[in-house]
Amino acid sequence: KKTFQGEFNMKKSLGLFFIAFMVFALFACGEEERVYAYDGDFMAYEVSVSRNAPQVISVVVTIENDEITKYTIDTLQGNRTGDGTDEVPYVWAWNTQSKKELGDAYGMAGASDIGKEWYEQAEAIEAFWLENGVDSITVDGNGNIDNVTGATISDSYSAIAQQAVQHAIDGKFVAMYASGTDLYSAVLTLNDGEIDTLVLDVLQSTRSQEDGSFVWNAQTKQQLGDDYGMKGVGGGYTFTNGAWVSSGSPATLEWYEQVNLISDYIIANGYNSNLQAVDARGGSLDGTTLVDALAGATIRTGSYYTLLARLFDTNGVA
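These lines cover the structure that appears in this document, whether it is placed above or below. (Residues numbered from 1 in each chain as written. Predicted model: local features only at pLDDT ≥ 70, side-chain atom pairs only at ≥ 80, totals over all residues. Heavy atoms only, no water.)

1. A look at the overall build of the protein
The following threshold applies: Helix and strand definitions follow DSSP, with helices as H or I runs of at least four residues and strands as E runs of at least two, each counted in order from the N terminus. Contacts: residue pairs with any heavy atoms within 4.5 Å of one another. A 1.4 Å probe and the Shrake-Rupley method give the accessible areas. Residues count as covered only by the protein chains that appear here.
When helices and strands are tallied, the protein shows seven helices and 13 strands. Considering only residue pairs separated by 6 or more positions, the protein has 52% of its internal contacts joining residues 24 or more positions apart. When the accessible surface of the protein is split by element, carbon and sulfur atoms take 50% of a total near 17200 Å².

Spelled out as structure tokens, the structure:
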């Protein structure tokens, strides 16, 4: 026969066990590992050449509360003008608007067998990925999409989208900026929410003003390293009375060493949206006073601050 005290002790023990179990369950739930490292926008891109002009295709995957909530496809193309003569040599420039920004003005609908503009087909692909995943698209023998209602363009996007998702898993934030005939890029990783690595880079091209050919270089400036050949060559500058003046001496730092000064400064001090070039070079927080740590960046730096603004201000990086 159970005593009242015995029943109380038994119920007390079961109650404490239940409470401990619930605390453990809640703790385990709260500590559940994320699928994606952080919330934000994660980009991947791929450069190519279209009609002897530069092209870059990008896919951005948006993560909110550890879930994919959006895909964004876009393509920025360049143009080539001239005729290759001495009077009018070929020259290149990036278009001012991407395919998505051009909208109906891109002019695909009239040539499309389904009467759909490029941005409309891109939106159909984005919605299909959101419902079925980035590995769900199939193509016909010509490489054209054949299982997405409203899209028959070639599938130049799935592999890039899969890379963007991997960037989200890895917590790798990417931004790019097209200027002139160059493509600037920034890649950032975090560690417990703090900046861990930041790499700024530029991909350049080889062009012929006579025959009109355009070819992306096999290596970026960072990859070239010392072989880029800036150090020890002319182009040295000194900052005097608020302006950069040619020193008449060779550059003392290679390109990657100069641009890494910007990365190192941000890693050490965090990003400040006031960062800007002063008289086109170096770095400043007020547009006139040179930051000592950036005095060695005597290359033209304005494009890198534009790139960084895209990375931090528009790419979801905290």
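2. As for the pattern of salt bridges
Using the following cut-off: Put simply, a salt bridge is a Lys or Arg side-chain nitrogen that is within 4 Å of an Asp or Glu carboxyl oxygen. Burial classes follow relative accessibility: with a 1.4 Å probe on protein chains only, a residue under 20% of its type's maximum area counts as buried, one over 50% as exposed, and anything between as partly exposed.
Taken as a whole and judged by the stated rule, the model has three salt bridges. For Arg34, the salt bridge is made with Asp39, and the minimal N-O distance between the two is 2.7 Å. Asp39 gets classed as partly exposed once you look at its relative accessible area, which sits at 32%. For Lys100, the salt bridge identified is with Glu126, shortest N-O distance 2.5 Å. Residue Lys100 is located in helix H2 (residues 99–102), and its partner Glu126 is located in helix H3 (residues 118–132); the two are separated by 26 residues in the primary sequence. Linked by salt bridges that have partners in common, Arg34, Asp39 and Asp66 make up one network.

3. Here we look at the sheet that holds strand E6 (residues 182–191)
Consider a sheet: its strands pair through backbone hydrogen bonds, and that pairing is either parallel or antiparallel. Counted only if it meets this: Note on pairing: two strands pair once DSSP finds at least 2 bridges between them. Throughout, an axis means a line fitted to C-alpha atoms (over the contacting stretch in the case of helices), and angles, computed between N-to-C directions, take values from 0 to 180 degrees.
Strands sit in the order E5-E6-E7 across an open sheet of three strands; the sheet is antiparallel. Edge positions in the sheet fall to strand E5 (172–179) and strand E7 (194–203), since each has one partner strand and no second. Put simply, the sheet's adjacent strands are angled 15° from each other on average, direction ignored. Where E6 meets E7, nine bridges bridge the pair, whose relative direction is antiparallel. From the neighbouring strand, Tyr184 faces E7, where its bridge partner is Val202. This element, helix H7 (residues 302–313), spans E5, E6 and E7 of the sheet and lies at about 140° to E5.

4. Details of the sheet that holds strand E2 (residues 54–64)
Reading across from one edge, E1-E2-E3-E4 is the order of the four strands in this open sheet, with antiparallel pairing throughout. Single-partner strands in this sheet number two, and they are strand E1 (40–49) and strand E4 (91–94). Direction aside, the axes of adjacent strands within the sheet are offset by 15° on average. In the packing of H3 onto the sheet, contacts are made with E2 and strand E3 (67–81), and the angle to E3 comes to roughly 150°.

5. A few points about unusual backbone geometry
In this model, Asn52 sits at a positive phi of 60°, which is unusual for a non-glycine residue. You can see Asn52 is positioned in the loop between E1 and E2. With relative accessibility at 32%, the residue Asn52 sits in the partly exposed group. Of note, the phi angle at Asp279 is positive, near 55°, even though the residue is not glycine. Tracing the chain through its elements places Asp279 in the loop between strand E12 (276–278) and strand E13 (281–284).

6. What about the packing of aromatic side chains?
The condition is simple: For Phe, Tyr and Trp, where Trp contributes only its six-membered ring, two rings pair if their centres lie within 6.5 Å, and the inter-plane angle classes them as stacked under 30 degrees, edge-to-face over 60, or tilted in between.
Evaluation of the coordinates by the stated rule reveals 13 aromatic pairs. Residues Tyr71 and Trp129 carry aromatic rings whose centres are separated by 5.4 Å and whose planes lie at 65° to one another, so their mutual orientation is edge-to-face. You can see Tyr71 sitting in strand E3 and its partner Trp129 sitting in helix H3, a full 58 residues away along the chain. Here Tyr71 matches Trp129 in class, with each residue buried.

7. Some thoughts on the pairing of E13
Here E12 runs beside E13; their pairing, made up of two bridges, is antiparallel. Within E13, the position partnered with Val278 by the bridge is Arg281. In this antiparallel pair of consecutive strands, E12 and E13, the connection spans two residues, and Asp279 shows a positive phi of 55°.

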